[in-house]
Each structure stands twice: as structure tokens, then as C-alpha cells.
Amino acid sequence: MTAKKGRVFSGARPTGKQHLGNYLGAVHNYVALQDEYDCVYCIVDLHALTTVEDTENLKQNTYEMALDWLAAGIRPEESIVFIQSHVLQVTELHTMLSMVTPLGKLTDLPTFKEKVRMQPHNINYGLVGYPVLMAADIMLYKTNAVPVGVDQAPHIEFTREIARSFNHRFKTQALIEPEMKITEAPKVIGIDGQQKMSKSLDNHIEIAATPEETAKRVMMMVTDPQRQRRSDPGNPDVCNVFSLHKIFSSAEEVNMVNVECRRAGIGCVDCKKLLAKNLNAHLSPFRARRAELAQKPEYVWEVLEDGNQRARVIAEQTMVEVRAAQGLP
Ligand code: SF4
């Protein structure tokens, strides 16, 4: 077995059953990273509290997300899968890091401004401190690399700045500056053909859906808006159905759609049926594994509790160094 390159950390909010956007944008990559890194995957339920007003479903959403991760191939005997709020040291480190983080910097961040725009009725402290909590998440586990898309790179740079600031001020090396591991995940557009796939926009396709539900959602997908009739030639380059064909269909099928669509040789209904068939075939092993795991929900909670314990051990080691560096009695 080859030596791993270091530790990777990534967190995701407990959004429940995962959709194609989650799957292609994160989960698929989480699974692949296990071959190269020691992986720590966190369900960041505290982060969710900054914007989720109704917390009734947090526990169920945590369970469903963990179930999807495990069914997709995350190996809990190697990787740590855990719940953010079950490792209390993260709130302690968050407080300590907040002392070395200029307030103006936080309120200037585009992500904070965006949140203020989205929820003007609830501009809470948690929104301001969000990037500091994120930095605490990352550094608590002695993370060497964080997988991110290009758009999230500023968050990691911010974490690195906080690490430098803390280490410099307290003359320590307790905090590791994480590297960015830029991942190339496709941007998955929802079935509305316009916006990023998202549960809140109800434009998503759940990976755990039944084949029938999947086909129904695929048939609802918006296609080339210029193609009004079956006899009109279409343009696959502007069609979201074609984008998914490029991921889930064979090279021959992609080529066929690309050619036939342009000369009205294939209609959108048949094109979507083909996509639904291929999507269902791709997800079939995942769904079988998920159904098997869903028979024993206690196993999923045991995996999470085991992850919580393993995460606490690393977290406490870091905090021993961090507390000592600050001269806490
Ligand atoms: Fe899109 Fe397929 Fe219709 Fe062409 S035939 S517009 S690729 S759904």
C-alpha cells in the first residue's frame, strides 16, 4: 500500500438526501480522495444553524446524508465521518481564532454580503463569524489540504491568513496552513435549465430516487428553448440534458445526440428517455447499497459516533498545543 499524502478535510451542511449536484460536485470526489489521503469528512450542523431557521429536520438530514455518503463508497474504516457539533473543541478554537481575526475583514467578505442580501431579516453574529468557524473546522484536524472549487479558494486563503496570524502572534506552529486542492467538478444545472441544482429551488434530482421518479424528473428538464417543435433542429450546446449525457452516457451515444439533435433526427422525449436510462443504470449499484444500509439505521449512527470519537482525539491534541501557546493556565 502506498503512503498517503496527508490529511484532507471537507465539510458539508446536513442537507439530507443528496442530489446530482452534491454527488458530482463533492461526494464523488470524497470517495476518490480516499485512495490518496487520510480523509476527514464532517457534517457541519453548526454551520447550518446560521441560515436554517427550522431545525426540526436536522437529525434526519444528517442521517440521510451520511447514508448517501456511505452508500456512495466512503469507507468509514479508513475515513473519519463525523458530526461537527459532537466535537466541542471546534467552538473553543473558533473563539480563540476570533481574537486574531479583524472584524472589518469579515464584514467585507463577499460571502457575508451575499448572506446579508439573502436574509436581511436575520443578520446574526454567526453569519459574520462563519469563516472563522470554517477555519477552526479545518485547522482543528491538522489538515494538509482542502478540496475546493475555484470559487471557494478565497475561503482557504482566509484560513491560511488566520493560521499565520495566530502562529505569529503566539510564536507557535500549532496551526497548519492548509493547501488548496482545486477540484474540477462540473457545475450541475437544475432541471429548470437555469440555476445551479439545489434542493431549495426544487430543481434537483435525488440520487436515491427510484428509477421512475428519476425518469419523471428528467422528463421535466428544460431543453434548448429555441426548439419549439419536434421538427426544429436543436442546439445541444445550450441544453442541460446534453450536459448530463456527457457525464452519464457512452461516447457513441453522446456523439449520436450531438449529431441527431442538430438535424432534428432525435426528439427531446427520446433524448431524455435515453438519459434517464443511463442515469438509472449508473446509480443502480449505489441505490442497491443504500437500500441495504437503510435496513440498519443503527449502523449509520454507529459510524458517526465512531467518527466523532476519532475526531475528538485529533481535536484535543491540537487544542493542547493551542492552549499552551496562548499561555492558558
Ligand atoms: Fe436537448 Fe436532446 Fe432535445 Fe437536443 S434532443 S435539445 S440535446 S433534449
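Residues numbered from 1 in each chain as written. Predicted model: local features only at pLDDT ≥ 70, side-chain atom pairs only at ≥ 80, totals over all residues. Heavy atoms only, no water.

**Q** How should I be thinking about the site of the ligand in this particular structure?
**A** For the ligand, the full set of nearby residues is Thr223, Asp224, Arg227, Cys239, Val241, Phe242, Val257, Cys261, Cys268 and Cys271. Broken down by class, the residue content of the shell around the ligand amounts to seven nonpolar, one polar and two charged. (Near = heavy atom within 4 Å. Nonpolar A, V, L, I, M, F, W, Y, C, P; charged D, E, K, R; others polar.)

**Q** Is there a simple way to think about the nonpolar core in this case?
**A** Side chains of a nonpolar character, in soluble globular proteins, are inclined to be buried together. In terms of nonpolar packing, the biggest core is built from 51 residues, with Leu20, Tyr41 and Trp69 touching the most fellow members. When residues in this core are grouped by element, the largest group, eight residues, is from helix 12 (residues 268-294). Counting contributing residues per domain, this core is built from domain 1 (7-188 + 297-326) and domain 2 (211-291), each supplying no fewer than three. Look past the residues within four positions of tyrosine 41 in its chain and what remains in contact with it is Val8, Ser10, Tyr30, Leu33, Trp69, Ile74, Ser79, Ile80, Val81 and Phe82. By size, the runner-up hydrophobic cluster in this structure holds 39 residues, among which are Ala135, Val148, Ile156 and Phe158. (Core = buried A, V, L, I, M, F, W, Y, C linked by side-chain atoms within 4.5 Å. Buried < 20%, exposed > 50% of the residue type's maximum accessible area, 1.4 Å probe, protein only. Helix = DSSP H or I, 4+ residues; strand = E, 2+ residues; numbered from the N terminus. Domains from an automatic or database assignment. Contact = heavy atoms within 4.5 Å.)

**Q** Whenever I open this one, a nonpolar patch on the surface confuses me. Can you help?
**A** There is a patch of nonpolar side chains on the surface, built from Val150, Met180 and Ile182 and spanning about 260 Å² of accessible area. With respect to the helices, strands and loops of the structure, isoleucine 182 is situated in strand 5 (residues 179-182). (Patch = residues over 30% accessible without salt bridge, like charges linked within 9 Å, V, L, I, M, F, W, Y side chains within 5 Å. Areas by Shrake-Rupley, 256 points an atom, 1.4 Å probe, with all protein chains shown as cover. Salt bridge = Lys/Arg side-chain N within 4 Å of Asp/Glu carboxyl O.)

**Q** I tried to follow the domain arrangement of the protein chain on my own but got confused; where do I start?
**A** Often, the extent of an interface is quoted as the loss of accessible area upon association of its parts. Split into domains, the protein chain comes out as domain 1 (7-188 + 297-326) and domain 2 (211-291). Taken residue by residue, the interface counts twelve residues in domain 1 and nine residues in domain 2. When the buried surface of domain 1 facing domain 2 is broken down by residue, Leu20, Tyr23 and Ala71 rank first, second and third, together holding 49% of it. Joining domain 1 to domain 2, the criterion identifies two salt bridges. Measuring nitrogen to oxygen at the nearest pair gives 2.7 Å for the salt bridge that ties glutamate 64 to arginine 290. Scanning the region where domain 1 abuts domain 2 turns up three residue pairs in polar contact (both at pLDDT 80 or more). Put simply, the parts of the chain that give the side of domain 1 that touches domain 2 at least two residues each are helix 1 (20-33) and helix 3 (58-72). Considering each element in turn, the side of domain 1 that touches domain 2 owes the most residues, six residues, to helix 3. Of the residues contributing to the side of domain 1 that touches domain 2, the split by class is nine nonpolar, no polar and three charged. (Buried area = accessible area lost by both parts, 1.4 Å probe. Polar contact = N/O pair within 3.5 Å; in protein donor to acceptor, adjacent residues only side chain to side chain.)

**Q** Could you clarify how one ought to interpret the environment of alanine 32 in this entry?
**A** Following the sequence through the fold, alanine 32 ends up in helix 1. A residue is classified by how much of its surface remains accessible, and alanine 32, at 43% relative accessible area, is partly exposed. Along the primary structure alanine 32 and lysine 142 are separated by 110 residues, whereas in three dimensions their C-alpha atoms are 21 Å apart.

**Q** I'm lost on the pattern of salt bridges in this one. Help?
**A** Opposite charge on two side chains makes pairing possible when the charged atoms of those side chains draw close. Here the structure, examined in full by the defined rule, presents 23 salt bridges. A salt bridge links arginine 290 to aspartate 68; the nearest nitrogen and oxygen atoms lie 2.4 Å apart. One end of the pair, arginine 290, is in helix 12; the other, aspartate 68, is in helix 3, with 222 residues separating them in the sequence. Residue class for arginine 290 comes out buried when judged on its relative accessible area of 10%. By relative accessible area, which is 1% here, aspartate 68 ends up buried. In this structure, the salt-bridge partner of lysine 105 is glutamate 161, at a minimum N-O distance of 2.7 Å. Residue lysine 105 is located in helix 5 (residues 103-108), and its partner glutamate 161 is located in helix 8 (residues 153-169); the two are separated by 56 residues in the primary sequence. Residues joined by salt bridges that share partners form a network here, namely Glu157, Arg160, Arg164, Glu177 and Glu179.

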